[in-house]
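Secondary and tertiary structure notes
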Amino acid sequence: MDNKAIKNPSVAVIGAGMTGILLAIKLREAGINDITILEKADKLGGTWRENTYPGLACDVPAHMYTYSFQGNPEWEHRFAHGDEIQAYFEKVAGDYNVTEQIRFNEAVDESHYQDRQWHLVTSKGNKLVVDFVIAATGILHHPAYPDIDGIDSFKGDMWHTARWNHDVDLAGKRVGIIGTGSTAAQIISEISDKVGQLTVFQRTPQWIFSIPDKEYTEDDKTRLRGNQKLMSKLSARYAFVMRNTFTAAVTGNKLAHGIVSWMTKRNLRKSVRDPELRAKLTPDYKVGCKRLIFSSTFYDAMQRDNVYLETTGIDRISENGVVVQGGEEHELDVLILATGFKPFNFMRPMDLTGRDGLSIDEAWSKKIQAYRSLCIPGFPNFFLMLGPNAPIGNYSVIAMSEVQTQYLLKLIDHWRQGTLETVEATEEAKVRYNEHIKAGMGKTVWVGGCQSWYLDADGDPALWPYSWDQWVKELEEPDLDDFHRRAPAEVVPLQPAEKAA
Ligand code: NAP
């Protein structure tokens, strides 16, 4: 095709976290230069900017938790610590001149589709009109605060793990932590030997898989420096192991599940000697049903003399601390809420309106779904990165984002070439895709009778139920029959001012 005939789109990317940075790099590589990245905060990094709690690390091996095109020889640990990861993203964004393209402290408040374009209004009141919007807003960034009576009456210091208060020194203090998920496990391991007394409020025990961390030596780093091929090899090796053990174990491979289960249960048996404590820490659901926690230090921390595991349910929070059912009060100086996130908000509370005035809340009123975890019928030229059913058990989200990015670039290319007038998946394709997802769920461990953030309001897991290879295969080439070839006629909705009139 004659080059002049190719359209050049303008693209707004919402969010400058891992996915936003990746998109900026890959869009430019594809020859798309009219990119605006809007970031609500004053720094890039997404989850690694927002989470700064003690013990923060990524439980996916560091050399796998990197962009495929830019390994990092400088990783200090097998499981990179939060500040290392933040530094890595800042470096990549700097190396690829992405940072200067980011408009910081500017959230997207509104995004409306009209006349085949998106009309954005930002928190600064700026207006923007673009051909494509890509929400790279992440999965876990809306803190979930527990709905516990009296929570506002606590007189001590209290915060959510994603809003860590670094002004408070925990040394010698009476600290309580609500929750025992991946976040709490890391914090407990890190602070238990620094605080005076630590009370862990556990509603549900968690399975813990032990993989020791390791510090990389200067020799290790020297070997990798300037050798992308070697780093890619290392990454691929880790990915192979993760895929064939943990990902396989949660998605129906009985042998893998048997081995991971056996090792996990053995870890509890060998690590916790006191039968009473062990019983309290023993889950009654299948290994992997809730996200498997990787830690080689959690059980040691739980067995320290200054750590107490409270398993009686919380009745209320008082001004002095936490009162459990039966009336016992745990007096505390600090209360940490390790109560997780609201994963189903996605890009909301943004006011997002697609074709014909369809709001995202209306589109998702029955079920939060997308086509290929990326496209929402009624929202042409809009992509939601890592949308519903994207997460893959204990795998690298970077790899997932890279696959989605390649896929959406192919769709944008069809728009540029004119094969697609707008990029909009059909409702039928979405329904079919979600039936396909549902068909795979029965064999996964997530339907094994536990509660977790993995489950939506209907109790359906919002993860990818198949293998990693299947994810890659299905996103290799867009099936254009699943998209409207010609843009559906738009019924232009009344604008607020017109409605008022
Ligand atoms: P989470 O797994 O959702 O855990 C929340 C914890 O809070 C659970 O133990 C939950 O108990 C408890 N909880 C919530 N509301 C409560 C209430 N009202 N009363 C008592 N307990 C309450 O959250 P998270 O630990 O922050 O982890 C979320 C996800 O972040 C992880 O699954 C993982 O994907 C990601 N993460 C990853 C890493 C990493 O290394 N890659 C590290 C940290 C987090 P129940 O179990 O009873 O609901």
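Located above this text is the structure these notes cover.
Here goes a summary of the coordinates provided.

To continue, consider the state of the cysteines. If you walk through the whole model with that rule in mind, you get one disulfide. Linked covalently through their sulfurs, cysteine 289 and cysteine 450 form a disulfide whose S-S length is 2.1 Å. Between cysteine 289 and cysteine 450, the S-S dihedral sits near -100 degrees, and the bridge is therefore left-handed. Of this pair, cysteine 289 sits in the loop between helix H8 (275-280) and strand S12 (293-294) while cysteine 450 is found in the loop between helix H12 (427-441) and helix H13 (468-474), placing the two residues 161 residues apart along the sequence. When sorted by exposure, cysteine 289 lands in the same class as cysteine 450, which is buried.

Turning our attention to the sheet that holds strand S8 (residues 157-160). Spatially, the five strands line up as an open sheet ordered S8-S17-S9-S10-S13, and their pairing is parallel. Looking at the sheet topology across the chains shown, the edges are occupied by S8 and strand S13 (307-310). Each adjacent strand pair in this sheet contributes to an overall mean axis angle of 15 degrees, direction not counted. Each of strand S9 (174-178), strand S10 (197-201) and strand S17 (334-337) is contacted by helix H4 (residues 182-191), which is oriented at about 165 degrees to S9, the strand it contacts most.

Turning next to the pattern of salt bridges. Scanning all chains against the criterion turns up 32 salt bridges. Between aspartate 356 and arginine 355 there is a salt bridge whose closest N-O contact spans 3.2 Å. Residue classification places aspartate 356 among the partly exposed positions, given a relative accessible area of 33%. Of the charged contacts in the structure, one is a salt bridge between lysine 430 and glutamate 427, with a shortest N-O distance of 3.2 Å. With lysine 430 and glutamate 427 both in helix H12 and three residues apart, the pair spans about one turn of that helix. One network of salt bridges, with partners in common, ties together Glu39, Lys40, Arg49, Glu50 and Arg163.

Our next topic: the environment of valine 121. Within the element layout of this structure, valine 121 appears in strand S5 (residues 117-122). Considered as a pair, valine 121 and aspartate 109 are 12 residues apart in the sequence and their alpha carbons are 5.8 Å apart. Not counting residues within four places of it along the chain, the set of residues in contact with valine 121 comprises Ala107, Val108, Asp109, Glu110, Asn126 and Lys127.

Reading guide: rules and limits
Residues numbered from 1 in each chain as written. Predicted model: local features only at pLDDT ≥ 70, side-chain atom pairs only at ≥ 80, totals over all residues. Heavy atoms only, no water. Disulfide = S-S within 2.5 Å. Helix = DSSP H or I, 4+ residues; strand = E, 2+ residues; numbered from the N terminus. Buried < 20%, exposed > 50% of the residue type's maximum accessible area, 1.4 Å probe, protein only. Pairing = 2+ DSSP bridges. Axes fitted to C-alpha atoms, helices over the stretch in contact; angles between N-to-C directions. Contact = heavy atoms within 4.5 Å. Salt bridge = Lys/Arg side-chain N within 4 Å of Asp/Glu carboxyl O.

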